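# Structural overview for review
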Amino acid sequence: NQWLLVGYTRTGIGASSLKMYVNGIDENVVLGGGMENAVASNSIFYVGKGDVAGGGTTINDHDGQIGELWIWDKELSPAEVKQLFELTKSDYGVD
């Protein structure tokens, strides 16, 4: 078992506007496959599941525990994401 802090930020529209952080570090990957529409105001937002083309059928269900979920109405800076990791990692036994 391994605890990870995974975060996503969005700066605009399209897959290139999304960033993924793992343990406070920018993974420098381009996210696609519908992720760019994941937070549209008229979409269902799944946590721990993947939606198949907005049809309500889920795939890739998360097989584990989610310790915390945070949603902000602004993009967090890389430093803020890293700070969240540093502030919470001891709650989950991470050095």
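About the cut-offs
- The residue numbers shown here count from 1 along each chain, following its written sequence.
- Thresholds applied to this predicted model are a pLDDT of at least 70 for local features of residues and 80 or more for the giving and counting of side-chain atom pairs; totals over whole chains, interfaces and linings are not thresholded and use all residues.
- Processing note: side-chain calculations cover all non-hydrogen atoms of the structure and skip hydrogens and water entirely.
- In DSSP terms, a helix is any run of H or I states spanning at least four residues, a strand is any run of E spanning at least two, and both are numbered starting from the N terminus.
- For this analysis, a ring pair means two rings from Phe, Tyr or Trp (six-membered ring only for Trp) whose centres lie within 6.5 Å, classed as stacked if their planes differ by under 30 degrees, edge-to-face if by over 60, and tilted for the remaining angles.
- Between buried and exposed lies partly exposed: a residue is buried under 20% and exposed over 50% of the maximum accessible area for its type, with that area taken using a 1.4 Å probe on protein chains only.
- Surface patches are defined over residues having more than 30% relative accessible area and no salt bridge, joining like charges when they lie within 9 Å and nonpolar side chains (Val, Leu, Ile, Met, Phe, Trp, Tyr) when within 5 Å.
- Under the convention used here, a 1.4 Å probe and the Shrake-Rupley method define accessible areas, while residue burial counts only the protein chains that appear.
- A carboxyl oxygen of Asp or Glu within 4 Å of a side-chain nitrogen of Lys or Arg is what we treat as a salt bridge.
- We call a set of buried Ala, Val, Leu, Ile, Met, Phe, Trp, Tyr and Cys residues a nonpolar core when their side-chain atoms join them within 4.5 Å.
- Contacts were defined at the residue level, with two residues in contact if any of their heavy atoms lie within 4.5 Å.

## Describing the environment of Ile25
Mapped onto the elements, Ile25 comes out in strand S3 (residues 25-26). When the C-alpha positions of Ile25 and Pro78 are compared, they lie 7.6 Å apart, and in sequence the two are 53 residues distant.

## Quick notes on the packing of aromatic side chains
With the rule as written, the count across this model stands at three aromatic pairs. Ring plane angle 15° and centroid distance 6.0 Å describe the contact between Trp3 and Phe85, whose orientation is recorded as stacked. With Trp3 in the segment before strand S1 (6-10) and Phe85 in helix H1 (residues 78-88), the pair connects residues that are 82 residues apart, well separated along the chain. Here Phe85 falls in the buried class, since its relative accessible area comes to 6%. The interplanar angle of 75° and the centroid separation of 5.7 Å between the aromatic rings of Trp70 and Trp72 together place this pair among those described as edge-to-face. Trp70 sits in the partly exposed class, given a relative accessible area of 34%. Trp72 sits in the partly exposed class, given a relative accessible area of 40%. One aromatic cluster in this structure is built from Trp3, Phe85 and Tyr92.

## Overview of a nonpolar patch on the surface
Residues Val47, Ile66, Leu69 and Ile71 make up a contiguous nonpolar surface patch of about 390 Å² in total accessible area. When you line up the elements, Leu69 lands in the loop between strand S5 (58-59) and H1.

## Quick word on the nonpolar core
Core analysis: the largest hydrophobic core is formed by six residues, namely Leu5, Tyr21, Leu76, Val81, Leu84 and Phe85. With three residues, H1 is the largest single contributor of residues to this core. Apart from residues no more than four positions distant in its own chain, Leu5 is found in contact with Tyr21, Val22, Asn23, Gly24, Trp70, Val81, Leu84, Phe85 and Thr88.

## Here's the deal with the pattern of salt bridges
Scanning the entire structure with this criterion turns up three salt bridges. A salt bridge links Lys82 to Glu86; the shortest N-O distance between them is 3.5 Å. With Lys82 and Glu86 both in helix H1, this residue pair falls four residues apart, about one helical turn. The partly exposed category is assigned to Lys82, whose relative accessible area is 31%. Residue Lys89 is joined to Glu86 by a salt bridge in which the shortest nitrogen-to-oxygen separation is 2.9 Å. Shared partners join several salt bridges into a network, and the residues in it are Lys82, Glu86 and Lys89.

On their own, these measurements won't tell you what the molecule is for.
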